[in-house]
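Spelled out, the chains give:
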Amino acid sequence: MRKFIPTYSHAVIDYILVIVLLIGPFISEFDFSGMAATICFISGGAVALLSILTASEGGLIRIIPMKIHLAIDILLGIFLIASPFLLRFSSQTYFFHIFIGIIILGSAIYTRSTVISSRPPIQPHSSHS
């Protein structure tokens with residue numbers, strides 16, 4: 001399988017998905033106080049935390065290897081696709097969760113796991129005497 005998404009593009013996709021997941025309940029047709037919204041908020045927070053901690057161009061702290069990040073993305077994508085049925089809110093909504101789950105799953109499957117730059121975004125200053 002050809003992996004054509006570079007890690008820096010994956011980071012951009014992740015941060016966009018964080019925003020979409022967090023505002024999704026407010027712009028979609030489902031009740032933002034129910035289980036469907038809770039799954040969006042938790043997933044958005046999880047993607048944000050994972051992105052911040054990933055050792056790639058988009059990470060700020062960079063302690064989680066990209067391969068682990070992509071494995072977690074695959075699990076999250078599958079969970080989002082299945083969540084309306086597993087957690088029994090499919091009668092209220094399902095399209096949003098399935099759509100976002102497919103995007104997360106696809107971006108994980110097609111992202112290269114090799115990072116171009118693993119340097120942290122902020123370099124510690126060395127003091128010269």
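Scope of this entry: the structure provided in the associated data block. (Residues numbered from 1 in each chain as written. Predicted model: local features only at pLDDT ≥ 70, side-chain atom pairs only at ≥ 80, totals over all residues. Heavy atoms only, no water.)

## Concerning the packing of helix α1 (residues 7–27) against helix α2 (residues 35–53)
The description of two packed helices rests on the angle between their axes and on the distance between the axes. Inclusion rule: Each axis is a line fitted through C-alpha atoms, and for a helix only the stretch in contact is used; angles between axes span 0 to 180 degrees, taken between their N-to-C directions. Counting from the N terminus, the helices are the DSSP runs of H or I reaching at least four residues and the strands are the DSSP runs of E reaching at least two. By the definition adopted for this analysis, an angle is roughly parallel if under 35 degrees, roughly antiparallel if over 145, roughly perpendicular if from 65 to 115, and oblique otherwise. Throughout, a crossing is termed right-handed when the near helix is turned clockwise from the far one, and left-handed when it is turned anticlockwise from it by less than a right angle. Note on definitions: a residue-residue contact is assigned when non-hydrogen atoms from the two residues lie within 4.5 Å. Note on residue classes: Ala, Val, Leu, Ile, Met, Phe, Trp, Tyr, Cys and Pro are nonpolar, Asp, Glu, Lys and Arg are charged, and everything else, Gly too, is polar.
Remark: α1 packs on α2, axes separated minimally by 8 Å, with the N-to-C direction vectors making an angle of 160°. Classified by the angle between their axes, α1 and α2 sit roughly antiparallel to one another. Handedness of the α1/α2 crossing: left-handed. Of the residues in α2, those touching α1 at Asp-14, Tyr-15, Val-18, Leu-21, Leu-22, Pro-25 and Phe-26 are Ala-37, Cys-40, Phe-41, Ser-43, Gly-44, Gly-45, Val-47, Ala-48, Ser-51 and Ile-52. Within the contact of α1 with α2, the residues separate by chemical class into 12 nonpolar, four polar and one charged.

## A short note on the packing of α2 against helix α3 (residues 66–86)
Put simply, α2 and α3 touch, their axes get as near as 11 Å, and they point 170° apart. The orientation of α2 relative to α3 falls into the category roughly antiparallel. From α2, Ile-39, Ser-43, Val-47, Leu-50 and Ser-51 reach across to α3, where they touch His-69, Ile-72, Asp-73, Leu-76, Phe-79, Leu-80 and Ser-83.

## Describing unusual backbone geometry
How we decide: Type-normalised accessible area, obtained with a 1.4 Å probe on protein chains alone, sets the label of each residue: buried when under 20%, exposed when over 50%, and partly exposed for intermediate values.
One non-glycine residue with positive phi stands out, namely Arg-62, at about 60°. With respect to the helices and strands, Arg-62 occurs in the loop between α2 and α3. Looking at Arg-62, the relative accessible area reads 13%, which means it is buried. Its identity as a non-glycine residue notwithstanding, Arg-88 has a phi of 60°, on the positive side. Of the residues examined, Arg-88 reaches a relative accessible area of 74% and is grouped as exposed.

## Some details on the packing of aromatic side chains
Stated formally: When the centres of two rings from Phe, Tyr and Trp lie within 6.5 Å, Trp using its six-membered ring, the rings pair. Their planes under 30 degrees apart give stacked, over 60 give edge-to-face, and anything left gives tilted.
Taken as a whole, this structure holds four aromatic pairs when the rule is applied. Aromatic pair Phe-85 and Tyr-94: ring centres 6.4 Å apart, planes at 40°, arrangement tilted. Residue classification places Tyr-94 among the partly exposed residues on the basis of a relative accessible area of 45%.

## Observations concerning a nonpolar patch on the surface
Which entries qualify depends on this criterion: Patch membership requires over 30% relative accessible area and the absence of a salt bridge. Like charges are linked within 9 Å, and nonpolar side chains (Val, Leu, Ile, Met, Phe, Trp, Tyr) within 5 Å. Per-residue accessibility takes into account occlusion by the displayed protein chains alone, with areas from the Shrake-Rupley method and a 1.4 Å probe. What counts as a salt bridge is simple: a side-chain nitrogen of Lys or Arg found within 4 Å of a carboxyl oxygen of Asp or Glu.
A cluster of nonpolar residues, Ile-19, Leu-22, Ile-23, Phe-26 and Ile-27, forms a patch on the protein surface that exposes about 490 Å² of accessible area. In this fold, Ile-19 is placed in helix α1. A relative accessible area of 52% places Ile-19 in the exposed class.

## A few points about α2
A turn of α-helix holds 3.6 residues, and therefore any two residues three or four places apart point the same way. Selection criterion: By this rule the span expected of a helix is its residue count minus one, scaled by 1.5 Å.
Helix length check: α2, at 19 residues, gives a terminal C-alpha distance of 27 Å against a target of 27 Å (1.5 Å per residue), a fit within 8%. Looking only at α2, the buried set comprises Ala-36, Ala-37, Ile-39, Cys-40, Ser-43, Gly-44, Val-47, Ala-48, Leu-50, Ser-51 and Leu-53. Of the surrounding secondary structure, the elements contacted by the buried residues of α2 are α1, α3 and α4 (95–109).

## Examining the nonpolar core
Counted only if it meets this: Remark: nonpolar core denotes a set of buried residues (Ala, Val, Leu, Ile, Met, Phe, Trp, Tyr, Cys) joined through side-chain atoms within 4.5 Å.
In this structure, Leu-21, Phe-30, Leu-80, Phe-96, Ile-100 and Ile-104 are the most contacted members of the largest nonpolar core, which totals 16 residues. Among the secondary structure elements, those contributing two or more residues to this core are α1, α2, α3 and α4. Ranked by the residues each element gives to this core, the list is headed by α2, at six residues. Other than its neighbours up to four places away in sequence, Leu-21 contacts Cys-40, Phe-41, Ser-43, Gly-44, Val-47, Phe-96, Ile-100 and Ile-104.

## Quick word on the environment of Leu-76
Looking at the secondary structure, you find Leu-76 in helix α3. A relative accessible area of 15% means that Leu-76 is categorised as buried. When the C-alpha atoms of Leu-76 and Ile-102 are compared, they prove to be 9.8 Å apart, with 26 residues separating the residues in sequence. When residues no more than four places from it in sequence are discounted, the contact partners of Leu-76 are Ser-43, Val-47 and Ile-104.

So, to be careful, I would describe these as geometric facts and stop short of saying anything about function.
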